[in-house]
Amino acid sequence: MPVDRRDFWDRRASEFSKYAATTGYPEEFIRILKPRMKWTVLDMACGGGTIAIPLAGRVKSITAVDFSQQMLDIVNWWCRAGHIDNVKTLKGRWEDDWDHLEIGSHDVTIASRSLIGDDAKSLIQKLDKAAREAVYISVAVGAGPFDKPLFASSGRKFNMGQDYVHYYNILYEMGIQANVAFIPERHRSQWDSLEEALNDQRWMFHGITEEEEDRVRAYLKRHLIKVMGRWRLPYARQCRWAIMWWQKDRQANR
């Protein structure tokens, strides 16, 4: 996935933020985080507030950064709707000068499913530098949320990208012996119609062509089965995320 897909995420912001809140992932991430009311938190590439919004009531403050203004608008909307006044939003990218953005330092820094780039080490270093107490990152295990057979039906070659082991090795090379836990995520697998099922897969295909769309539609036609009035695929869609975290003081003493 390219580093800067601002137009894609701007278009998908509302849909993504609503769906992400229903998969069980935010609750599990926060359970592992074990937040403290005294914490100031940086949520880098925060999306529509998947972590920031449910976390806000359990910490002192959150600085939520994202390159998509639509994502930040959703965070701000949730804050107004929930009377949340301790979340500050900033528009910015991983590659930006964080001093220029005035991100500052925080007790805890988070990169939840957002550590995407050609130079992961430099991004981790930025997170680590901005943290006083701890850093938490999450990355995909294997194919992550992608449905590989369905993706292959488009005719595109599936590029899985880096597995969590890649990132753990980077941390190890940096002298960081990170803790690791895994979060299983629930994904929607039932739809009211073929077109609804197709629309639910579009996020996998940036710039999908008409020919590719026809192939994916044909795949769904062949494989969807009707169960109790709804359409579903005949196989489980499993996704896991690896959460890796480390305490700054413990690393310094090693």
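Everything here concerns the structure above.
How each quantity is defined
Residues numbered from 1 in each chain as written. Predicted model: local features only at pLDDT ≥ 70, side-chain atom pairs only at ≥ 80, totals over all residues. Heavy atoms only, no water. Pairing = 2+ DSSP bridges. Helix = DSSP H or I, 4+ residues; strand = E, 2+ residues; numbered from the N terminus. Axes fitted to C-alpha atoms, helices over the stretch in contact; angles between N-to-C directions. Left-handed = near helix turned anticlockwise from the far one by under 90°. Contact = heavy atoms within 4.5 Å. Nonpolar A, V, L, I, M, F, W, Y, C, P; charged D, E, K, R; others polar. Salt bridge = Lys/Arg side-chain N within 4 Å of Asp/Glu carboxyl O. Buried < 20%, exposed > 50% of the residue type's maximum accessible area, 1.4 Å probe, protein only. 1 Å grid on protein atoms, 1.4 Å probe; cavity = no way out; pocket = protein on both sides within 12 Å on 5 of 7 lines; lining within 4 Å. Points joined across faces, edges and corners; volume = space filled by probe spheres on them.

(A) Molecular detail of the sheet that holds strand β8 (residues 225–227). Read across the open sheet, the 3 strands follow the order β7-β9-β8; overall the sheet is antiparallel. Among the strands making up the open sheet, the edge pair consists of β7 (190–191) and β8. Both β8 and strand β9 (residues 230–232) contribute to a ladder of 3 bridges, which runs antiparallel. By the bridge assignment for β9, V227 is matched with R230.

(B) Main features of the packing of helix α6 (residues 120–130) against helix α8 (residues 164–173). Where α6 meets α8, the axes come as close as 10 Å, and the angle between the chain directions of the two elements is 60°. As α6 runs across α8, the sense of the crossing is right-handed. Contact residues: α6 offers A120, K121 and I124, while α8 offers Y167, I170 and L171. Here the contact of α6 with α8 is built from residues that sort into 5 nonpolar, no polar and 1 charged.

(C) Main features of the sheet that holds strand β3 (residues 87–91). Taken together, 7 strands build an open sheet; the order of strands is β3-β2-β1-β4-β5-β10-β6 and the sheet is mixed. Edge strands, defined here as strands with exactly one partner in the open sheet, are β3 and β6 (179–185). Within the sheet, the average angular offset between the axes of one strand and its neighbour, ignoring direction, is 20°. Each of β2 (61–66) and β3 touches helix α4 (residues 69–81); the most contacted strand, β3, lies at about 170° to it. In the packing of α8 onto the sheet, the strands contacted are β5 (131–140), β6 and β10 (239–247), and the crossing angle to β10 comes to about 10°.

(D) Looking closely at the pattern of salt bridges. As enumerated under the stated definition, the model contains 13 salt bridges in all. In this structure, E95 and R93 form a salt bridge, with 3.9 Å as the shortest nitrogen-oxygen distance. Close ionic contact of E213 with R202 constitutes a salt bridge, the shortest N to O distance being 2.7 Å. Separated by 11 residues along the polypeptide, E213 in helix α10 (residues 210–223) and R202 in the loop between α9 (194–199) and α10 bring together distant segments of the chain. Given the relative accessible area of 29%, R202 is considered partly exposed. Bridged by salt links that share partners, the residues E195, R202, E213, D214 and R217 form one connected network.

(E) The layout of surface pockets, seen in detail. Counted as a void, the second largest pocket has a volume near 240 Å³. Those elements giving two or more residues to the lining of the second largest pocket turn out to be α7 (148–153) and β10. Partitioning the lining of the second largest pocket into residue classes produces 8 nonpolar, 4 polar and 4 charged.

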